[in-house]
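Each chain, written out:
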Amino acid sequence: MRAFAGRADHQGVTQQTGRRRLTAAGLALVVTLVALLAGTGCVASRQEPGQATAAVADALAEAGSAGETARIAVGLLDEGRVTGPVADTVLLDQLRVLDDAESALTTLVPPDAATAARRSTGLDAVGDVSDAVVAARSWVAVRSGGDLAGADGVPSSSDDLLVELATALDATDAALAEAGGP
Amino acid sequence: MKKLLAAALGILTAIGGFVDIGDLVTNAVVGSRFGMSLAWVVVLGVVGIVLFASMSGRVAAVSGRATFEIIRERLGPRAAGANLLASFAINLLTLTAEVGGIALALHLASSVEPRLWIPVAALAVWLVLWRVKFQVMENVAGLMGLLLVGFAIALFQLGPDWGELLRQAVPPSPPGTEHPASYWYYAVALFGAAMTPYEVFFFSSGAVEERWTAKDLGTNRLNVLLGFPLGGLLSLAIAACAAVVLLPAGIEVSSLSQIVLPVAQAGGVLLLAVVVLGIVAATFGAALETALSSGYTLAQYLGWSWGKFRRPARAARFHLTMIVALLLAAGILMTSVDPVAVTEMSVVFSAVALPLTYVPILVVANDPGYMGEHVNGRVVNALGTVYLVIVVVAAVAAIPLMIATGAGS
């Protein structure tokens, strides 16, 4: 009887330990999922009008940051203060940022007409910055000895390129102001 | 004279070895978004790492054993096992970030796709771990990492408004354009970056590798008290460069290539080359340290033969652990995951794991059975207790802040 009771006790302890393990495993799973969601949910579509406008503003701020970075890189390369590979890497990284910004805008579902208009303006502005950065990469390639003679969209000088970037950034700033950004 | 030179070398190595990819990225991100308003966290983190690194160095010098060996013996296999699990996971994440950092720095110098550099970087790290003596490896990486002083030179050449930088730093408060939750999220990340657990495991195991004894306690104190704070100044210089050039332009740092723009602006191609070389050295040195820490923690917990002072054949499982960790890190990076995102994750999760690393060290450093007359004094214990509270608060707050801010976005 005592042996039986002992076994029952042992089973109880085993069950308790098993439950504890299950609870711990569940907790670990929840923490991991939450962390993953937090990490990957940075560019989520937002449905409420205020949130949707904020998402447009976030994407435009990213695009503005990328455009300003490109402007500094082009200026530094023009002055001979950075090497071609460094300038190219900077611009390539900014194209990825612009890709994310564009993706955030294209996947956004606008809840009303006003937000839809802001998104449309924002997409145009991000597209302009992307075009300017793509042109900047071509210019860097030419400066580094690349043969792009006759290719479309290659600026003839850094001045032309900086004007193109400035125009695109002005459009981004205007769209950002419209979306309630700083 | 020889002793003086050795001490100077130790200090220089500690300065050069302080900054890793986590410090580089987090300080630049923070500088570009919050100016110098989070400088106090760097100071807090440096004091913390000085406190606990000197404690773990003292434990190793006095007992002749690394921290993790004693943790298992003192706290038992279960508590030490939980510690091992968390430390190993964070270490692997940090190693992944460091190998990614090497690849990004080489990408910056060459414009060759980082994914092509990842296997090269991992192989180079393994070769050094396999072939190069511990002291040579530590000193070369640390001294080359000193090239990051280029950030401090750049800051002076930029000629910033020092008063404005000071105003941003004191009194510390989030800028009006940023949400307070994001400010605190980055405060935790910066704290995690400064107090990354691998630094302590590496420091204590390194003391055993170099056969420190109680006679070396002075050297330990000097390295830590001078080397780490001067390394902290490099971190502040990185943040300040970003605050001076990138913040006014509305640039948010999202890549390593942006971090060097202020350097190029200040010092041109030459200074840029120095800093890029410094970044390669700093990330390479940190990759060596984190890979070694993977081997140290597992081998010390399981009682395997470990250490670079032994030939690889005599510490086969220790070396195998490092190889597996490096393969895992390279494998993770080859999935095209963004190394900067991995770095940001690694510093935040480091903050989560901080209590598991630092509580046992405090316990062991107070045990006369191991430490004899070298147990912690009252002041060190008081400071250690204050830091434990901070570490626990940071660990508890890290994940909720990450969720609330969308990882600081």
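For clarity, every value in this text was computed on a predicted model and none was experimentally measured.

(A) Region of the structure containing the overall build of chain A. Along the backbone of chain A there are five helices and zero strands. Helices and strands appear in chain A in the N-to-C order α-α-α-α-α. Each of the 182 residues in chain A was classed as buried or not, and the buried ones make up 35%. By sequence separation, contacts in chain A at least 24 residues apart represent 75% of the contacts at least 6 residues apart. When the accessible area of chain A is evaluated, it comes to approximately 9,600 Å², of which 57% is carbon and sulfur surface.

(B) Expanded view of the overall build of chain B. Along chain B, the regular secondary structure elements total 17 helices and zero strands. Residues counted as buried form 59% of the 409 residues belonging to chain B. In chain B, once contacts between residues fewer than 6 apart in sequence are set aside, the share between residues at least 24 apart is 84%. Accessible surface computed for chain B: about 15,300 Å², of which carbon and sulfur atoms make up 69%.

(C) Examining the interface of chain B and chain A more closely. At the junction of the two partners, chain B supplies 31 residues and chain A supplies 26 residues. Interface of chain B and chain A: buried area, both sides summed, is about 2,200 Å²; carbon and sulfur atoms make up 66% of it. Counting every contact that joins chain B to chain A gives zero salt bridges. Applying the counting rule to chain B against chain A returns nine residue pairs in polar contact (both at pLDDT 80 or more). Grouping the amino acids of the side of chain B that touches chain A by side-chain chemistry returns 16 nonpolar, 13 polar and two charged.

(D) Examining the pattern of salt bridges more closely. Counted according to the given criterion, the structure contains eight salt bridges over all chains. Residue Asp88 of chain A is joined to Arg137 of chain A by a salt bridge in which the shortest nitrogen-to-oxygen separation is 2.9 Å. One end of the pair, Asp88 of chain A, is in helix 3 (residues 84-106); the other, Arg137 of chain A, is in helix 4 (residues 113-143), with 49 residues separating them in the sequence. A relative accessible area of 27% places Arg137 of chain A in the partly exposed class. The residue Asp367 of chain B makes a salt bridge to Arg74 of chain B at a minimum N-O spacing of 2.6 Å. Of this pair, Asp367 of chain B sits in the loop between helix 15 (339-365) and helix 16 (368-371) while Arg74 of chain B sits in helix 4 (residues 67-110), and the two are 293 residues apart along the sequence. The exposure class assigned to Asp367 of chain B is buried, which follows from its relative accessible area of 15%.

(E) The packing of helix 2 (residues 21-34) of chain B against helix 11 (residues 217-246) of chain B, seen in detail. Residues and elements named next belong to chain B. Relative orientation of the contacting elements helix 2 and helix 11 amounts to 35°, with a least axis distance of 7 Å. In the packing of helix 2 onto helix 11, the handedness of the crossing is right-handed. Between helix 2 and helix 11, the residues in contact are Asp23, Leu24, Asn27, Ala28, Gly31 and Ser32 and Ser235, Ile238, Ala239, Ala242, Ala243 and Leu246, respectively. Classifying every residue of the contact of helix 2 with helix 11 by side-chain character gives seven nonpolar, four polar and one charged.

(F) Main features of a negative patch on the surface. All names here are of chain A. Taken together, the side chains of Asp124, Asp128, Asp131, Asp159, Asp160 and Glu164 define an acidic patch exposed on the protein surface. Contributions of two or more residues to the negative patch are made by helix 4 and helix 5 (158-178). Assignment of secondary structure puts Asp131 in helix 4. A relative accessible area of 49% means that Asp131 is categorised as partly exposed.

(G) Spotlight on the environment of Ala66 of chain B. Residue and element names in this part refer to chain B. By the secondary structure assignment, Ala66 is in the loop between helix 3 (39-63) and helix 4. On the accessibility criterion, Ala66 (0% relative accessible area) is buried. Residues Ala66 and Ser56, ten residues apart in the sequence, show an inter-C-alpha distance of 8.0 Å. Among residues more than four places away in sequence, those in contact with Ala66 are Ser204, Ser205, Val208, Gln300 and Trp306.

(H) Summary view of the packing of aromatic side chains. Residue and element names in this part refer to chain B. The full count for this structure, using the stated rule, is 15 aromatic pairs over all chains. Residues Tyr185 and Tyr186 carry aromatic rings whose centres are separated by 5.2 Å and whose planes lie at 80° to one another, so their mutual orientation is edge-to-face. Tyr185 gets classed as buried once you look at its relative accessible area, which sits at 4%. Their ring planes at 80° and their centres at 5.3 Å tell us that Tyr296 and Trp306 sit as a pair that is edge-to-face. Highlighted residues: Tyr296 in helix 13 (residues 261-302) and Trp306 in the loop between helix 13 and helix 14 (316-334), separated in sequence by ten residues.

(I) Structural context of the nonpolar core. Residue and element names in this part refer to chain B. Ranked by internal contacts, the top residues of the largest apolar core, which has 188 residues, are Leu38, Phe52, Leu129, Phe151, Leu292 and Tyr358. With 20 residues, helix 13 is the largest single contributor of residues to this core. Once you skip the residues sitting within four places of it in the chain, Leu129 turns out to touch Met137, Leu288, Ala291, Leu292, Lys308, His319, Met322 and Leu326.

(J) Structural context of the environment of Pro248 of chain B. Residues and elements named next belong to chain B. Residue placement: Pro248 occurs in the loop between helix 11 and helix 12 (256-259). Its relative accessible area of 62% is what places Pro248 among the exposed residues. C-alpha separation for the pair Pro248 and Ser32, spaced 216 residues apart in sequence, amounts to 8.3 Å.

(K) Broad picture of helix 4 of chain B. Spanning 44 residues, helix 4 of chain B covers only 41 Å between terminal C-alpha atoms, well under the ideal 64 Å at 1.5 Å per step. Looking one or two places after helix 4 of chain B, you find Ser111 of chain B, whose phi comes out positive at around 70°.

(L) The arrangement of helix 2 (residues 49-78) of chain A in detail. Residues and elements named next belong to chain A. A rise of 1.5 Å per residue sets the reference length of helix 2, with its 30 residues, at 44 Å; its end C-alpha atoms lie 43 Å apart and thus fit the reference within 8%. Counting buried positions along helix 2 yields 21 of 30 residues, so the element is predominantly enclosed. Directly beyond the C-terminal end of helix 2, a positive phi value near 75° is found at Gly80.

(M) Representation of unusual backbone geometry. Residues and elements named next belong to chain B. Cis geometry marks the peptide bond from Val170 to Pro171; its omega dihedral reads -10°. With a phi close to 70°, Ser111 is a non-glycine residue in the positive phi region. Residue position: Ser111 is located in the loop between helix 4 and helix 5 (114-131). By relative accessible area, which is 26% here, Ser111 ends up partly exposed. Unusually for a residue other than glycine, Arg211 sits at a positive phi of about 55°. A relative accessible area of 56% means that Arg211 is categorised as exposed.

(N) Region of interest: a nonpolar patch on the surface. A cluster of nonpolar residues, Val43, Val47, Val379 and Leu383 of chain B, forms a patch on the protein surface that exposes about 320 Å² of accessible area. Residue assignment for the nonpolar patch shows that the elements contributing at least two residues are helix 3 and helix 17 (378-405) of chain B.

Thresholds applied
Throughout this description, residue numbers start from 1 for each chain and increase along the sequence as written. Each chain takes a letter, starting from A, and each ligand takes a number, starting from 1, following the order in which they are written. Restriction of local features to residues with pLDDT of at least 70 applies here, the model being predicted, together with a cutoff of 80 or more for giving and counting side-chain atom pairs; totals for whole chains, interfaces and linings are based on all residues. Only hydrogens and water are set aside; all other atoms, that is, all heavy atoms of the structure, feed into the side-chain values. Helix numbers and strand numbers start at the N terminus; a helix is a DSSP run of H or I with at least 4 residues, a strand a run of E with at least 2. Relative accessibility thresholds used throughout: buried, under 20% of the residue-type maximum; exposed, over 50%; partly exposed, between the two (1.4 Å probe, protein chains only). Contacts were defined at the residue level, with two residues in contact if any of their heavy atoms lie within 4.5 Å. A 1.4 Å probe and the Shrake-Rupley method give the accessible areas. Residues count as covered only by the protein chains that appear here. Reported buried area values correspond to the accessible surface (1.4 Å probe) lost by two parts on association, with both partners' losses combined. Salt-bridge detection follows one rule: a side-chain nitrogen of Lys or Arg within 4 Å of a carboxyl oxygen of Asp or Glu. Between N or O atoms, a polar contact is any pair within 3.5 Å; within protein, one atom must be a potential hydrogen donor and the other a potential acceptor, and residues adjacent in sequence are included only when both atoms are from side chains. We call Asp, Glu, Lys and Arg charged. Ala, Val, Leu, Ile, Met, Phe, Trp, Tyr, Cys and Pro are nonpolar, and the rest, Gly among them, are polar. Comment: axis = line fitted to C-alpha atoms, over the contacting stretch for helices; angle = value between 0 and 180 degrees taken between N-to-C directions. By convention the crossing between two helices is left-handed if the near helix lies anticlockwise of the far one by an angle smaller than a right angle, and right-handed if it lies clockwise. Residues qualify for a patch when their relative accessible area is over 30% and they have no salt bridge, like charges being joined within 9 Å and the nonpolar side chains of Val, Leu, Ile, Met, Phe, Trp and Tyr within 5 Å. None of His or the chain ends enter the tally, which takes Lys and Arg as positive and Asp and Glu as negative. For this purpose, a charge sits on NZ of Lys, CZ of Arg, CG of Asp or CD of Glu. Stacked, tilted and edge-to-face pairs are distinguished by plane angle, under 30 degrees for stacked and over 60 for edge-to-face with tilted covering the rest, among Phe, Tyr and Trp rings (Trp via its six-membered ring) whose centres lie within 6.5 Å. The definition of a nonpolar core used throughout is a set of buried Ala, Val, Leu, Ile, Met, Phe, Trp, Tyr and Cys residues joined through side-chain atoms within 4.5 Å. In this scheme, a helix's expected span is set at 1.5 Å multiplied by one less than its residue total.

All we've got here are geometric facts, nothing functional implied.
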